[in-house]
Structure formats: C-alpha cells, structure tokens
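Listed here are the chains, written in short residue letters.
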Amino acid sequence: MSGARETPGSRRRRGLSAIVVALLCAAPVPGDIGACGQPVQRLDASRFFLGKLGIDCQQCRACGIQTKTCDLACNDESTGPASFPEGCVPLVHDGEVCLRRLLAAGCDDYGHYVDDSNPTVPSECNFCPVAR
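Calculation criteria
One numbering rule holds for all chains: residues counted from 1, following each sequence as written. Where totals are concerned, whole chains, interfaces and linings use all residues; where local detail is concerned, this predicted model gives features only for residues with pLDDT of at least 70, and gives and counts side-chain atom pairs only at 80 or more. As a convention, hydrogens and water are excluded, and side-chain values are obtained from all of the structure's heavy atoms. Only a pair of cysteine sulfur atoms within 2.5 Å qualifies as a disulfide here. A run of H or I in DSSP becomes a helix once it reaches four residues, and a run of E becomes a strand once it reaches two; helices and strands are each numbered from the N terminus. Throughout, exposure labels follow a simple rule: accessible area from a 1.4 Å probe, protein chains only, divided by the maximum for the residue type, with under 20% read as buried, over 50% as exposed, and the rest as partly exposed. Grid points spaced at 1 Å and placed over the protein atoms alone form the basis of the search, with a cavity being a set where a 1.4 Å probe fits but cannot get out and a pocket an open set showing protein on both sides within 12 Å along at least five of seven lines. Lining residues have an atom within 4 Å of a point. Grid points are joined across faces, edges and corners, and a volume is the space filled by probe spheres set on the points.

Engineer: Hey, could you run me through the state of the cysteines in this one?
Structural biologist: One way to say it: the disulfide is the covalent bond shared by the sulfur atoms of two cysteines. Under the criterion given, the structure shown has four disulfides. Between the sulfur atoms of Cys-60 and its disulfide partner Cys-70 the distance amounts to 1.9 Å. Around the S-S axis, the bridge from Cys-60 to Cys-70 shows a dihedral of about -70° and counts as left-handed. Linking Cys-60 in helix α2 (residues 45-63) with Cys-70 in helix α3 (residues 68-73), this pair joins segments that are ten residues apart in sequence. Both residues of the pair, Cys-60 and Cys-70, count as buried. Here Cys-98 is linked by a disulfide to Cys-125, with a sulfur-sulfur distance of 2.0 Å. Residues Cys-98 and Cys-125 are joined through a disulfide that is right-handed, its torsion about the S-S bond being 100°. Remark: Cys-125 occurs in the segment after α5 (107-113) and Cys-98 occurs in helix α4 (residues 92-104); sequence separation between them is 27 residues.

Now the structure itself:
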C-alpha cells in the first residue's frame, strides 16, 4: 500500500464514497423492511463499484490489509467496472445489501474478500454468480 499520508484526492474519494454509500444504503422507513414497497430499480454499476471501491479502501486501511486489490481500491484513479456482466441485472436493493455486508465485515472476512490469489465473495454480494 502507498504511504499512510492522506492526499486531497483520497479525502475526496472517501467523501464521495460516503455519499454514494449513503444514497445506496438509506435506511427504509418503518414497514418498508425487506424491499417491500421499494420500487424496482436496476443497480447503476458505476455508482455501485465506486462505492464498493471506497468501502474496500476504508476496510483495507482500518484492518491493515496490504494487497494489490487494496492498492487498487485506494488508488484515486480507480473507478471499477462500468457495467455488470451480460445477463446480470441486479437491483438497487441488491447493491444496498451487499454494501451493508461489506461495511459490517470483520477484518478476517475482509482479508478473504480482497485476497489477491483466491478472493471470496460474501453471499450478499454474489448477485451475478458465474456458472461453474
């Protein structure tokens, strides 16, 4: 990982990530738990992956994880994929659940998520599984 000093770009990225997470993870109103009543909306890939990069960087730093995946997540130039794989159409609710799971993950779990050789994906984030 690069130095521990924060640059203006990393502060902007963290701030933007916090805004994206807040927009995607706004708490439901009473009676609206489990997406009941939430309009069906496709998840915007660019916004989702930008938010995920911010969370990945935040968690990597908080847990002291040093991988290439963490370096990429903390790179101010990283944007993530612009689209989901063909045929994969996750909903906004799917993205909300995934980002909440990432925010709640402990350091041991997060180390597995950002492992460079054999990363795992939390089930809440596996909304586009690859057929094996």
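Engineer: Can you walk me through the layout of surface pockets in this structure?
Structural biologist: Using a probe with the size of a water molecule, rolled over the atoms, empty space left in the structure can be pinpointed. Taken as a whole, the largest pocket holds about 860 Å³ of empty space. The wall of the largest pocket is formed by 32 residues, among which Phe-49, Lys-52, Thr-120, Val-121 and Cys-125 lie closest to the centre. Listing elements by their share of the lining of the largest pocket, those giving two or more residues are α2, α3, α4 and α5. The element that contributes the greatest number of residues to the lining of the largest pocket is α2, accounting for five residues.

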